[in-house]
Number of protein chains: 2
Amino acid sequence: MSEQSPLDLAEGDPFGPHNLPYGVFTTADEPERRRLGVRIGNHVLDAGAAALALGSPYADLLAQPDLGPLLAAGRTAWRDVRRALTAWVTVPAHRPDIEPLLHPVGSVTMHLPYEVADYVDFYASENHATNVGRIFRPDGDALTPNWKHLPIGYHGRAGTIVVSGTDVARPSGQRKAPADAAPVFGPSVKLDIEAEVGFLVGTPSQLGTPVPLDSFRDHVFGLFLLNDWSARDVQAWEYVPLGPFLGKSFATSVSAWVTPLEALDAARTAPPARDVPLLPYLDDAAEEEPGGFDLRISVAINGTVVAEPPFASMYWTAAQQLAHMTVNGASLRTGDVYGSGTVSGPEVHQRGSLLELTWNGRDPIDLPGGKRTFLEDGDEVTLTAWAPGPDGVRVGLGEVTGRIVPAP
Amino acid sequence: MSEQSPLDLAEGDPFGPHNLPYGVFTTADEPERRRLGVRIGNHVLDAGAAALALGSPYADLLAQPDLGPLLAAGRTAWRDVRRALTAWVTVPAHRPDIEPLLHPVGSVTMHLPYEVADYVDFYASENHATNVGRIFRPDGDALTPNWKHLPIGYHGRAGTIVVSGTDVARPSGQRKAPADAAPVFGPSVKLDIEAEVGFLVGTPSQLGTPVPLDSFRDHVFGLFLLNDWSARDVQAWEYVPLGPFLGKSFATSVSAWVTPLEALDAARTAPPARDVPLLPYLDDAAEEEPGGFDLRISVAINGTVVAEPPFASMYWTAAQQLAHMTVNGASLRTGDVYGSGTVSGPEVHQRGSLLELTWNGRDPIDLPGGKRTFLEDGDEVTLTAWAPGPDGVRVGLGEVTGRIVPAP
């Protein structure tokens with residue numbers, strides 16, 4: 001009886017050859033040598049070594065310490081490289097070359113696989129925006145008048161995007177309850193999760209040239225889970241009039257794995273019906289490809305699932321966000337990241353933040369270790385997700401996890 | 001009678017050896033070879049070539065295509081390199097080596113001298129914030145309740161920071177007057193200037209470790225003039241609740257010259273008296289060095305000075321902004337840029353934006369070519385400034401200029 005190959009996956013493995021997300025890893029033997037990896041089942045293929053072993057023309061893109069060169073190579077290269085990788089992990093004749101280049105996922109260290117250029121965060125879930133409006137502005141309309149006319153977004157801090165598994169220190173800052181005479185300073189007492197999906201720009205654009213809706217796939221390489229940690233007390237005091245700043249900038253966690261858009265063709269889905277006519281640059285009614293992605297997200301705290309936000313419910317699509325972000329001529333760079341905004345569905349158990357799940361602390365949720373309003377030191381938050389793939393198989397998204405450590 | 005040396009400057013030249021700002025240039029002969037330059041009078045010294053010619057230990061920092069290595073080298077290196085440069089342009093024995101390495105400023109092309117990491121923009125002028133509050137929120141208090149407790153700021157787009165001299169295309173976007181039923185799309189009709197001072201971070205900091213007030217000079221290398229172009233109509237419609245986005249992200253112009261903080265020791269000045277007690281991390285009453293900079297800015301449109309904003313009037317200092325930006329543990333990277341916010345003094349002719357100068361278009365200003373409410377296509381905006389230097393001589397800041405071209 002021969003030993004089983006790591007390439008012989010169980011039927012329906014969510015990280016099968018239909019998926020092939022990209023990441024960057026190091027091994028214990030060579031902790032300084034970052035390498036591009038492709039996940040297959042519970043293993044990481046050293047993609048650069050495979051390209052060199054097989055004499056691939058894509059060695060220049062794959063034998064690299066990060067995703068930068070592949071991202072910048074553009075959509076045709078993305079397709080061709082993916083085809084090559086698919087062959088390497090599926091064609092039996094390649095097994096003698098490929099099998100020695102597979103590392104168990106648990107044996108390697110994953111790193112942020114790209115250098116972040118600019119980071120933008122959107123606010124694209126109608127359910128989330130409505131909940132937040134009701135909580136923070138109880139006397140006004142839940143949605144601001146612009147909300148259904150444009151995908152609201154703002155720039156975040158690119159330099160504090162960290163890879164899944166990085167501890168997150170509780171931030172300190174100013175907060176002031178409405179009844180207090182003056183602000184106080186200290187560790188945040190309302191530290192929260194925001195379950196989001198991040199999009200990674202590969203192909204840059206020229207300053208002055210908008211990127212239309214139908215060019216989305218020419219520029220965006222892939223997506224990943226993102227946790228936009230938020231200190232709600234800091235945010236509430238600072239955000240009028242120029243938006244969130246220190247309430248968000250201390251850390252944003254992203255998955256170590258980037259799922260190429262090509263793996264998600266079966267997950268494309270129409271966004272919700274729009275209530276107001278959209279300006280032409282945002283009107284996607286006539287787009288060939290549906291703008292949404294049917295991603296089923298789970299949010300767990302210390303292993304207990306607290307929410308299951310459906311990404312298919314997002315009002316604004318990633319293509320609309322890209323078109324809006326560039327309609328004033330702003331250019332894109334390789335490595336730009338943009339987040340969808342918190343994903344919340346219409347049901348209570350579909351809300352992607354503790355702010356919403358506990359209604360700003362009014363309704364604590366039960367966990368095996370005790371009740372929670374916001375995050376406590378030691379809490380570990382994990383986002384996972386899957387999407388429908390070809391032939392009924394699931395496409396797994398790489399998890400994003402982070403543990404809260406006490407304020408320094 | 002011998003030919004005069006470019007190093008024989010007129011008495012009181014604002015770009016004398018007491019100044020020595022840094023930039024990056026190319027020559028017509030070698031348009032692809034970017035080199036670090038230091039301005040002396042109306043010439044640029046090829047600093048890397050000088051270091052090599054003189055056998056300087058700083059050749060590794062100066063013979064570079066941008067400021068990155070010098071910025072990352074830290075404060076002691078900044079001081080030592082500046083001392084060496086001062087000797088090179090002042091000690092007569094060095095003239096035979098130095099003079100051949102001087103290029104007339106008008107003969108070279110200047111480039112953005114650093115790679116921008118994150119870009120943050122503040123809102124630190126009490127006069128500006130009060131004017132904007134009165135214009136945009138006439139029914140409320142001019143200053144939001146947080147304004148005197150923390151330096152309000154937000155992240156801007158790092159990828160669209162452009163060097164002085166770059167044309168700026170009029171951005172298009174959504175706007176909606178309060179009386180309109182729905183937004184319209186088109187080129188901005190309220191394109192504006194914001195006269196600001198930018199600060200450039202050299203030494204990075206660790207995630208989780210705030211930078212206290214008295215570490216400002218360990219991290220910040222220098223400053224420069226910055227024009228934060230703003231489409232007021234786009235901004236007014238989009239900015240509630242998450243702050244400015246497309247109204248700002250199309251372009252931010254910066255000077256080609258970075259003035260090291262060491263050239264501005266004589267310009268340090270105490271900020272205005274504070275009206276409310278500050279939390280300890282922002283309280284600079286006991287700081288050894290006064291937190292302000294006495295920079296006298298001029299704003300010109302097509303050569304006519306329209307405003308003279310005094311930077312000494314800023315309520316929040318650059319050290320306070322840095323302390324605030326990092327107090328939640330957010331890290332700094334080499335190349336981080338932060339803007340002061342529009343500089344406006346108490347007098348009408350000291351206002352650093354057309355929004356304020358024309359009171360949102362109500363009171364046009366007269367220019368030789370006709371009246372202006374906001375910028376017209378073809379308008380060229382130039383910011384210049386000087387500061388008091390040693391022995392009564394002025395320190396010139398490098399100008400920042402940009403011309404508005406029609407929407408594409």
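Everything numeric here is computed off the predicted structure, so don't read it as measured data.

Rules and cut-offs
Residues numbered from 1 in each chain as written. Chains lettered and ligands numbered in written order. Predicted model: local features only at pLDDT ≥ 70, side-chain atom pairs only at ≥ 80, totals over all residues. Heavy atoms only, no water. 1 Å grid on protein atoms, 1.4 Å probe; cavity = no way out; pocket = protein on both sides within 12 Å on 5 of 7 lines; lining within 4 Å. Points joined across faces, edges and corners; volume = space filled by probe spheres on them. Helix = DSSP H or I, 4+ residues; strand = E, 2+ residues; numbered from the N terminus. Nonpolar A, V, L, I, M, F, W, Y, C, P; charged D, E, K, R; others polar. Pairing = 2+ DSSP bridges. Buried < 20%, exposed > 50% of the residue type's maximum accessible area, 1.4 Å probe, protein only. Lys, Arg positive; Asp, Glu negative; His and termini not counted. Salt bridge = Lys/Arg side-chain N within 4 Å of Asp/Glu carboxyl O. Contact = heavy atoms within 4.5 Å. Domains from an automatic or database assignment. Buried area = accessible area lost by both parts, 1.4 Å probe. Least-squares fit on C-alpha atoms with pLDDT ≥ 70 in both.

Another aspect to go through is the layout of surface pockets. Put simply, the largest pocket is a space of about 1,500 Å³. Lining the largest pocket are 45 residues; nearest its centre among them are Arg137, Tyr239 and Val240 of chain A together with Arg137 and Val240 of chain B. Elements supplying a minimum of two residues to the lining of the largest pocket: helix H8 (232-238) of chain A together with helix H6 (126-136) and helix H8 (232-238) of chain B. Residues belonging to the lining of the largest pocket are distributed by class as follows: 23 nonpolar, seven polar and 15 charged. Looking at the second largest pocket, its volume works out to about 660 Å³. For the second largest pocket, the lining is made up of 25 residues, of which Glu115, Ala117 and Arg333 of chain A together with Glu115 and Val116 of chain B are closest to its centre.

Residues and elements named next belong to chain A. Taken together, five strands build an open sheet; the order of strands is E9-E26-E25-E20-E21 and the sheet is mixed. Every interior strand has two partners, whereas the edge strands, strand E9 (168-169) and strand E21 (304-307), have only one. When strand E20 (residues 296-301) meets E21, the two strands line up antiparallel, connected through three bridges. Bridging from a neighbouring strand, Val299 pairs with Ala307 of E21.

All names here are of chain A. Relative to the elements of secondary structure, Asp121 occurs in strand E6 (residues 119-122). For the buried Asp121, no salt bridge is present, and the opposite-charge side chain at shortest range is Lys248, 4.7 Å distant. Residues contacting Asp121, with those up to four places away along its chain left out, are Ile152, Gly153, Tyr154, Glu194, Glu196, Asp228, Gly339, Ser340 and Gly341.

Let's shift gears to unusual backbone geometry. All names here are of chain A. Cis geometry is found at the peptide bond from Val240 to Pro241, where omega equals 10°. When you line up the elements, Pro241 lands in the loop between H8 and strand E16 (252-254). Positive phi values are uncommon outside glycine, yet Leu20 reaches one of about 55°. Judged by relative accessible area, which is 1%, Leu20 ranks as buried. Look at Asn302: it is not a glycine, yet its phi comes out positive at around 50°.

Moving on to the domain arrangement of chain A. All names here are of chain A. When its domains are assigned, chain A resolves into domain 1 (22-111) and domain 2 (119-405). Computed over C-alpha atoms only, the centres of domain 1 and domain 2 are separated by 29 Å. Listed per partner, the contact involves 18 residues of domain 1 and 17 residues of domain 2. Carbon and sulfur atoms make up 68% of the surface buried where domain 1 meets domain 2, a total of about 1,500 Å² over both sides. The largest per-residue losses of area from domain 1 upon contact with domain 2 belong to Tyr22, Leu71 and Trp78, which jointly make up 41% of the total buried on that side. Summed over the shared surface of domain 1 and domain 2, the number is one salt bridge. Residue Asp218 is joined to Arg75 by a salt bridge in which the shortest nitrogen-to-oxygen separation is 3.3 Å. Those elements giving two or more residues to the side of domain 1 that touches domain 2 turn out to be strand E1 (22-27), strand E2 (35-40), helix H3 (68-73), helix H4 (75-90) and strand E5 (108-111).

A separate point is the relation of the copies chain A and chain B. Screw-axis analysis of chain A against chain B gives a translation of 0.0 Å along the axis, an RMSD of 0.0 Å, and a rotation angle of 180°. Both copies of the chain, as the preceding transformation shows, are related through a two-fold rotation axis. The position closest to the rotation axis in chain A is occupied by the C-alpha of Gly243 of chain A, lying 2.1 Å away. Both copies present the same face, since 100% of the interface residues in chain A are matched by interface residues at the equivalent positions in chain B.

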